[in-house]
Every structure is written in C-alpha cells, then in structure tokens.
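Structure assessment
Each chain, letter by letter, is given below.
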Amino acid sequence: MKNWIGVILAAGKGKRMNSEISKPLHEICGKPLIKYIVDTLTKSGISNIIVIVSPTNHDPIKRLLGTRVRYVMQEQPLGTGHALLQCSNLVAHSPTNLMVTGCDSPLLRHQTLTALSRIHLDKSASMSILTAKITGPTDLGIIKRDHYGSVSRIVETHKSKNTDSPKEVNSGTYCFDSNWITSALTNLRQSNVGEYYLTDSVEYAHKNKNRLASIITEYPEESFGINNRIQLAHIEHIVRQRIREKWMLKGVTMLDPNSTFIDSESQIGKDSIMYPNTYISGKSKIGSNCTVGPSSFVKDSTIGDSSTIISSFVQGSILEDHVTVGPFSHLRPGSYIESKVHIGNFGEIKDSRLGEGVKMGHFGYVGDTTVGAQSNLGAGLVTCNFDGQKKHKTQIGKKVFIGSDSILVAPVSIGDNAATGAGSVITKNVPAYRLAIGVPAKIKEKPTE
C-alpha cells in the first residue's frame with residue numbers, strides 16, 4: 001500500500017514473561033513473535049516498516065530482522081504513546097498513514113489489516129481502531145462508545161465491571177493519520193506512573209471531534225496478546241492447529257493431528273504421512289509420499305520424495321529421494337544422504353556424505369566421512385575422526401564392504417571395491433580391490449568373487 005508505514009511497538013519490558021529473553025523474540029511454532037507481525041504487515045502490502053526497540057533488545061532484534069525494517073530507539077520506558085512519538089520525525093509532515101500494532105499478536109491476519117486500512121481511508125479518519133467481541137475475563141482494554149455508536153474511550157479491565165459478560169475489547173492495532181497522531185501525542189497527559197498511553201489518543205480524538213473509525217474483527221482471537229507463558233502456550237496451541245489444518249487440506253495425512261507438531265516455516269509435500277509424536281521443526285522441507293514417525297524429530301532439514309524416517313532424529317541434514325532412516329538413528333548437522341540409502345537402527349551420521357545406494361543396516365558411527373555409492377557399512381563400524389585436538393577425514397570408495405566392528409582411524413582412505421575384515425582396526429590407507437584384516441590391519445589381496 002502506498003503512503004503507508006507500519007510501526008511495531010517492541011520496546012516494552014515484558015516483565016510478566018519472567019525471562020532474560022526479550023518478549024518480541026519469544027517463539028511460537030519456531031518463529032519469533034515479532035517476525036509474525038513483520039510478515040503480516042508485508043502480506044497486507046506495507047513494506048515500509050519501523051520497529052520501536054529498547055536499548056536492551058535493539059541488537060538481537062536487528063540481528064533477526066536485518067534490513068527488512070528500520071529501527072527507532074525508545075531510550076526510556078515511558079509508555080506506548082511516548083514510544084510512537086519517537087518516530088515522529090520519520091513520519092511527520094508527509095501524506096502518510098500509519099498502521100500501528102504491538103509485537104505480541106501473532107494471530108493477526110493480513111486480510112484484517114487490509115480491511116482496517118480500507119475503512120480508515122474510506123472514512124478519511126484521523127484514527128481507526130480494530131476491536132473484537134469476546135466473553136470471559138480479559139486483560140484487554142474495554143471499548144466504550146457514545147450514544148451515536150462511535151468509540152469514545154478505552155477503559156482498562158481492572159476498572160470495568162461484569163467481566164463475564166460479552167464485551168468489546170481493544171486489539172491494540174490502529175491506523176493513524178501521521179500528522180494528526182504526532183500532534184495528538186504531544187497533547188497526551190502523563191499517567192500517575194509517569195507514562196503516556198497510546199490508548200488515551202482515542203479519548204483525545206473523541207473530545208476534539210476528530211473523525212474516529214473502527215471495525216470489529218470476525219476472528220476474536222486476533223485480539224489476543226501475550227503477557228506471560230500461559231498466554232504464550234495458549235496462542236501456540238491455536239497457531240499449531242492452524243498449521244496442521246493447512247497441511248492436511250494440502251494433502252498431508254496425520255494419524256493423530258494433536259500429537260503432530262509442525263513449525264510455521266516448515267513444509268510438507270502431498271501424500272506424505274505423519275505418524276504420532278512427530279516434530280517437523282525450523283525450516284524443514286519434507287517431500288511428497290514420505291513417511292515420518294512415529295516419534296521422529298526433523299529440524300532444519302530437507303527430506304526428498306518417497307523417504308521414510310522412523311523413530312529417529314534428523315537435524316541440519318539433506319536427504320535425497322527414496323532414503324530410509326531408523327528406527328532410533330541420529331543424523332547430525334552437515335549430513336548429506338544421497339538417494340536410495342538405507343540407514344537402519346542405531347546409526348549416527350555427522351558431517352558426512354553417503355553416496356547413492358549405501359547400506360548401513362545397524363549400529364555404528366560415521367563422522368567427517370565420504371562414502372562412495374553402493375558401499376556396505378557393517379554393524380559396529382566406527383570412524384575415529386577426533387584425536388583429542390582436531391577432526392580428521394575418512395574416505396570410503398565405491399562398492400566397499402566394511403566388516404562388522406571395523407574401526408577406521410582417520411585420516412584414512414579405503415579404495416573402491418576394497419573390504420575390511422570383521423573387528424579390524426584400519427590405521428593405514430587401503431588400496432582399491434584389497435582386503436584389510438587384523439589389529440592393526442594388514443593389507444592382503446582381496447579374494448576373487
């Protein structure tokens with residue numbers, strides 16, 4: 001939207017979170033709260049975004065959002081009105097409208113922000129406010145209207161009565177004419193605790209007969225904010241359900257949706273099946289026709305089509321098509337698994353590449369290793385990649401047969417079509433087509449097939 005600036009209020013202390021982490025950086029479904037708001041503003045067509053930060057959270061928020069937004073510092077915590085006033089020099093004296101919201105409303109929909117901006121322009125309003133109708137106790141401000149039906153003021157909930165009856169509440173999302181709000185904020189009175197509240201601009205507009213518009217959202221949960229860990233968990237439950245429903249509608253099967261956890265930035269292909277107690281975390285991408293679970297954890301990984309992950313942990317790894325892993329295996333960051341690889345039970349892969357068709361049926365550790373196509377890694381294989389100070393590489397060629405309980409002491413290489421005997425300790429390179437047997441291993445001619 002042209003001539004619009006989005007402003008995110010993110011300088012509050014968030015004391016009730018009882019955390020060393022700034023509230024905007026707490027996560028819902030693997031995504032920081034403030035990033036939800038930035039993404040929602042962007043989807044609504046507002047790309048010019050200002051984030052108001054504090055001296056304590058400026059650096060971590062900037063590391064997260066980078067150059068997507070501009071930053072304005074609120075040096076002293078003097079309330080939301082004072083916070084918005086800090087960016088007045090960036091928005092005043094220009095034909096600009098502001099979309100202002102907090103950092104803790106991840107349930108806001110971009111369609112709702114678009115509707116609010118539309119009525120703001122249609123009514124030529126000085127201020128427009130998004131409200132919601134809810135029932136039950138709330139810590140949100142209560143909307144009061146005059147006898148004409150116009151919003152006249154916002155009353156804090158500790159001053160309101162009949163907390164169990166239906167009520168209209170303030171969502172904390174507003175549109176402002178930039179020149180009007182700059183003038184209004186300079187006229188706000190300090191509260192008895194020394195702060196200036198943005199909500200007081202509603203009463204200011206009403207008393208001065210400035211045009212004030214409002215809409216009531218169709219989705220009351222959009223008004224929910226987060227002030228403590230209980231509310232954080234409640235909203236996470238709502239977002240997770242939204243994510244599950246989205247992927248099920250796109251063709252993903254979940255045998256027990258309530259025990260399937262998918263982060264907001266993860267993706268799953270059509271006709272994949274998610275078994276119970278499965279976590280798809282971070283920026284993971286699961287292909288089509290995959291089976292994941294039960295009791296599997298996939299984080300920041302790419303899983304190719306028609307692959308299977310059973311009761312295993314996959315982190316920071318790439319798996320091509322038709323790969324099977326598990327049960328009870330662990331792929332650590334930096335693992336690259338080519339197509340048609342089979343990793344059975346109790347295998348651990350770290351910072352390694354397994355070529356097409358490699359078999360590692362059971363047990364063993366492969367670290368800092370490259371394994372050629374069609375090789376077979378016997379049970380109990382250990383690549384000794386760490387000498388106490390440095391990590392070393394192991395190279396295993398194509399069509400190599402590694403016997404059970406073989407120990408490969410890096411740096412070492414095994415040539416194509418070579419083999420090791422069961423229980424061998426390999427301390428020297430094994431040429432192609434040779435057999436290494438013993439402790440330490442001796443190199444022999446490989447028996448002809």
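Right, let's walk through the structure included here. (Residues numbered from 1 in each chain as written. Predicted model: local features only at pLDDT ≥ 70, side-chain atom pairs only at ≥ 80, totals over all residues. Heavy atoms only, no water.)

1. Digging into the sheet that holds strand β32 (residues 369–371)
Note the threshold: Strand pairing is assigned whenever DSSP identifies at least 2 bridges connecting the two strands. Only DSSP runs of H or I covering at least 4 residues are called helices, and only runs of E covering at least 2 are called strands; the numbering of each starts at the N terminus.
Read from one edge of the open sheet, nine strands run β14-β17-β20-β23-β26-β29-β32-β35-β38, paired in parallel fashion. At either end of the open sheet lies a strand with only one pairing partner, and these are β14 (267–268) and β38 (412–414).

2. A word on a nonpolar patch on the surface
Rule in force here: Like-charged residues are merged into a patch within 9 Å and nonpolar side chains (Val, Leu, Ile, Met, Phe, Trp, Tyr) within 5 Å, provided each residue has over 30% relative accessible area and no salt bridge. Each accessible area is a Shrake-Rupley result for a 1.4 Å probe, and residues are judged covered by the shown protein chains and nothing else. The term salt bridge refers to a pairing of a side-chain nitrogen on Lys or Arg with a carboxyl oxygen on Asp or Glu at a separation within 4 Å.
Residues F328, F346 and F363 make up a contiguous nonpolar surface patch of roughly 330 Å² in combined accessible area. With respect to the helices and strands, F328 occurs in the loop between β24 (324–325) and β25 (330–331).

3. Some points on helix α7 (residues 200–207)
Operational definition: Buried, partly exposed and exposed residues are distinguished by accessible area as a fraction of the type maximum, computed with a 1.4 Å probe on protein chains only: under 20%, between the cut-offs, and over 50%, respectively. When we speak of the arc, we mean the arc of directions from the helix axis to the C-beta atoms. When checking whether two residues touch, look at their non-hydrogen atoms; a contact exists if any pair is within 4.5 Å.
Buried within α7 we find S201, V202 and A205. Take α7 and look down its axis: the buried residues cluster within an arc of 110°, on one side only. Contact partners of the buried residues in α7: β7 (127–134), β9 (151–155), β10 (167–177), α6 (178–185) and β11 (212–216). Two residues or fewer after α7 comes K209, characterised by a positive phi angle close to 55°.

4. Side note on the packing of aromatic side chains
The condition is simple: Here the aromatic set is Phe, Tyr and Trp, taking the six-membered ring for Trp, and pairing holds for ring centres within 6.5 Å; pairs whose planes are under 30 degrees apart are stacked, those over 60 apart are edge-to-face, and all others are tilted. In our convention, an over-ring charge means Lys NZ or Arg CZ found within 6 Å of a ring centre and within 35 degrees of that ring's normal.
Tallied over the entire structure, the rule returns eight aromatic pairs. Between F346 and F363 the ring centres are 6.0 Å apart and the planes differ by 10°, which places this aromatic pair in the stacked class. Residue F346 is found in the loop between β27 (342–345) and β28 (348–350), and its partner F363 is found in the loop between β30 (359–362) and β31 (365–367); the two are separated by 17 residues along the sequence. Exposure remark for F363: the relative accessible area of 42% places this residue in the partly exposed category. Between the NZ or CZ atom of K250 and the centre of the ring of W247, over which it lies, the distance is 5.0 Å.

5. Quick notes on unusual backbone geometry
That bond from G293 to P294 is cis: its omega, 0°, falls within 30 degrees of zero. You can see P294 is positioned in the loop between β18 (291–292) and β19 (297–299). Cis geometry marks the peptide bond from A410 to P411; its omega dihedral reads 0°. Turning to its location among the elements, P411 is positioned in the loop between β37 (407–409) and β38. Although it is not a glycine, N277 adopts a positive phi angle of roughly 60°. By the element assignment, N277 lies in the loop between β15 (273–274) and β16 (278–281). One non-glycine residue, H322, lies in the positive phi region at around 60°. Along the polypeptide, H322 turns up in the loop between β23 (318–319) and β24. A relative accessible area of 45% means that H322 is categorised as partly exposed.

6. Digging into the pairing of strand β5 (residues 70–73)
Operational definition: Viewed with both strands pointing away, a crossover whose connecting path from the first strand over the helix to the second turns clockwise is right-handed.
Direction of pairing for strand β4 (residues 49–53) relative to β5: parallel, over a ladder of four bridges. From the neighbouring strand, V53 faces β5, where its bridge partner is M73. With helix α2 (residues 58–65) bridging β4 and its parallel neighbour β5, the resulting β-α-β unit is right-handed.

7. Some remarks on the nonpolar core
Formally: What makes a nonpolar core is a set of buried Ala, Val, Leu, Ile, Met, Phe, Trp, Tyr and Cys residues whose side-chain atoms join them at distances within 4.5 Å.
Counting 52 residues, the largest nonpolar core has I28, I286, L319, I337, L354 and L377 as the members making the most contacts within it. Breaking this core down by element, the ones donating at least two residues are α1 (33–43), α8 (229–249) and β38. The element best represented in this core is α8, accounting for six residues. Excluding anything up to four places from it in sequence, I286 contacts Q267, I268, G269, S272, M274, I280, V292, V298 and I303. In this structure, L9, A11, C87 and L98 belong to the second largest nonpolar core, which totals 29 residues.

8. Re the environment of L116
Looking at the element boundaries, L116 is found in helix α5 (residues 110–122). Overall, L116 belongs to the buried group, its relative accessible area being 0%. Spatially, the C-alpha atom of L116 lies 23 Å from that of H147, the residues being 31 residues apart in sequence.

9. Some remarks on the environment of P431
Locating P431 in the fold gives a position in the loop between β40 (425–426) and β41 (434–437). Residues contacting P431, with those up to four places away along its chain left out, are G415, A418 and I443.

10. Re the environment of S214
Here is the rule: Distance and chemistry together define a polar contact, namely a pair of N or O atoms within 3.5 Å, with one atom able to donate a hydrogen and the other to accept it when in protein, and with adjacent residues in sequence counting only for side-chain atoms on both sides.
Residue position: S214 is located in strand β11. Residues S214 and T40 lie 174 residues apart in sequence; the distance between their C-alpha atoms is 20 Å. Side-chain polar atoms of S214 contact the side chain of R145, separated by 3.2 Å.

11. Section: the pattern of salt bridges
Going through the model one piece at a time under the given rule, you end up with 14 salt bridges. For E168, the salt bridge goes to R145, with nearest N and O atoms at 2.7 Å. Here E168, found in strand β10, pairs with R145, found in strand β8 (residues 142–145); they are 23 residues apart in sequence, far enough to count as distant. Judged by relative accessible area, E168 falls into the buried class, the value being 9%. The closest approach of N and O atoms between R332 and E348, which form a salt bridge, is 2.8 Å. Taken together, the residues R332 in the loop between β25 and β26 (336–337) and E348 in strand β28 connect sequence positions 16 residues apart. Of the residues examined, E348 reaches a relative accessible area of 26% and is grouped as partly exposed. Each of K31, D39 and R68 takes part in one network of salt bridges that share partners.

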